[in-house]
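Next come the chains, spelled out residue by residue.
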Amino acid sequence: ETGVTQSPTHLIKTRGQQVTLRCSSQSGHNTVSWYQQALGQGPQFIFQYYREEENGRGNFPPRFSGLQFPNYSSELNVNALELDDSALYLCASSVRTGQGASPLHFGNGTRLTVT
Amino acid sequence: GDSVTQMEGPVTLSEEAFLTINCTYTATGYPSLFWYVQYPGEGLQLLLKATKADDKGSNKGFEATYRKETTSFHLEKGSVQVSDSAVYFCASWRGSQGNLIFGKGTKLSVKP
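Residues numbered from 1 in each chain as written. Chains lettered and ligands numbered in written order. Predicted model: local features only at pLDDT ≥ 70, side-chain atom pairs only at ≥ 80, totals over all residues. Heavy atoms only, no water.

> I would appreciate a short explanation of the state of the cysteines in the present structure.
In protein structure, a disulfide is the covalent linkage between the sulfur atoms of two cysteines. Per the stated rule, a full pass over the model turns up 2 disulfides over all chains. The disulfide that involves Cys-23 of chain A links it to Cys-91 of chain A, with 1.9 Å between the sulfurs. Across the S-S bond linking Cys-23 of chain A and Cys-91 of chain A, the dihedral sits near -65°, which makes this disulfide left-handed. With Cys-23 of chain A in strand 3 (residues 19-24) and Cys-91 of chain A in strand 9 (residues 87-94), the pair connects residues that are 68 residues apart, well separated along the chain. The disulfide partner of Cys-23 of chain B is Cys-90 of chain B, and the S-S distance across this bridge is 1.9 Å. Handedness of the Cys-23 of chain B-Cys-90 of chain B disulfide follows from its S-S torsion of about -70°: it is left-handed. Pair noted here: Cys-23 of chain B is in strand 4 (residues 23-26) and Cys-90 of chain B is in strand 10 (residues 86-94), with a separation of 67 residues, a long-range link. No difference in accessibility class separates Cys-23 of chain B from Cys-90 of chain B, as the two residues are buried. (Disulfide = S-S within 2.5 Å. Helix = DSSP H or I, 4+ residues; strand = E, 2+ residues; numbered from the N terminus. Buried < 20%, exposed > 50% of the residue type's maximum accessible area, 1.4 Å probe, protein only.)

> What am I meant to see in the sheet that holds strand 8 (residues 62-65) of chain B here?
Sheet strands associate in pairs through backbone hydrogen bonding, adopting either a parallel or an antiparallel arrangement. Residues and elements named next belong to chain B. Across the sheet, which stays open at both edges, the 4 strands sit in the order 3-9-8-7 with antiparallel pairing between neighbours. Strand pairing shows two members of the sheet lacking a second neighbour, strand 3 (19-21) and strand 7 (56-59), which therefore form its edges. Across this sheet, the average inter-strand angle for adjacent strands is 15°, counted without regard to direction. One ladder, built from 3 bridges, connects strand 8 with strand 9 (residues 75-77); its direction is antiparallel. (Pairing = 2+ DSSP bridges. Axes fitted to C-alpha atoms, helices over the stretch in contact; angles between N-to-C directions.)

> Explain the interface of chain B and chain A here, please?
How big an interface is tends to be stated in terms of accessible area lost as the parts join. The interface is formed by 17 residues belonging to chain B together with 20 residues belonging to chain A. Considering only the surface of chain B that becomes buried against chain A, Leu-44, Gln-97 and Phe-102 of chain B emerge as the three largest contributors, covering 31% of it. Summed over the shared surface of chain B and chain A, the result is 0 salt bridges. Summed over the shared surface of chain B and chain A, the number is 4 residue pairs in polar contact (both at pLDDT 80 or more). Listed by contribution, the elements that provide at least two residues to the side of chain B that touches chain A are strand 5 (33-38), strand 6 (44-50), strand 10 and strand 11 (99-102) of chain B. For the side of chain B that touches chain A, the per-class residue count stands at 8 nonpolar, 6 polar and 3 charged. (Contact = heavy atoms within 4.5 Å. Buried area = accessible area lost by both parts, 1.4 Å probe. Salt bridge = Lys/Arg side-chain N within 4 Å of Asp/Glu carboxyl O. Polar contact = N/O pair within 3.5 Å; in protein donor to acceptor, adjacent residues only side chain to side chain. Nonpolar A, V, L, I, M, F, W, Y, C, P; charged D, E, K, R; others polar.)

> Help me understand the side chain of Thr-65 of chain B, please; the structure alone is not making it clear to me.
Residues and elements named next belong to chain B. Here Thr-65 shows up in strand 8. Thr-65 sits in the buried class, given a relative accessible area of 17%. For Thr-65, the contacting residues outside a window of four places in its chain are Asp-54, Asp-55, Lys-56, Ser-72, Phe-73 and His-74.

These figures capture arrangement, not role.
Right under this line is the structure:
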């Protein structure tokens, strides 16, 4: 089975710019979550998408937004980049059913550096 | 609010030594608990999980038991290998939002 794939792997942006990160979920998975992992820290939940709608959000400002497409792939958009946005951004997919959700499967992440 | 606390690293061990990484959680109710591992330059891989009290998760020689009395989920391995060198994250599942809450991670280095 195809795992979670993210692109690009690395990205360098300037403060104030906008960035789009992409994620293809694992085959058969209908839910996508995004996490931010700052250097030396654990991942922090940004938001989750299910049936193309945001379905849960962590403590991140509105300049962090996302999309989920009919094929369950997803984008994370960050506007007005700040230096503190420099981090590893992880995408995770899972299957949600009436009985709950499966464990999350993570991609290798996109390393974003804001200068 | 919900949180996960794990022992700070780094932890350096010799090959074949015994490993314990402590993890405690605070939560409303009894969340599912997980250990994830992150190798250099990679994302997170699920190592093991437990969904209810007294459950023991195990995988690749690693074990962790869900203890509701002590709200703990300590990771153990009887004999570590150099290939176990990685960062280990303890996490709890917050069902109300459908997300994982992670600890800060513990870096393990195993020397030959």
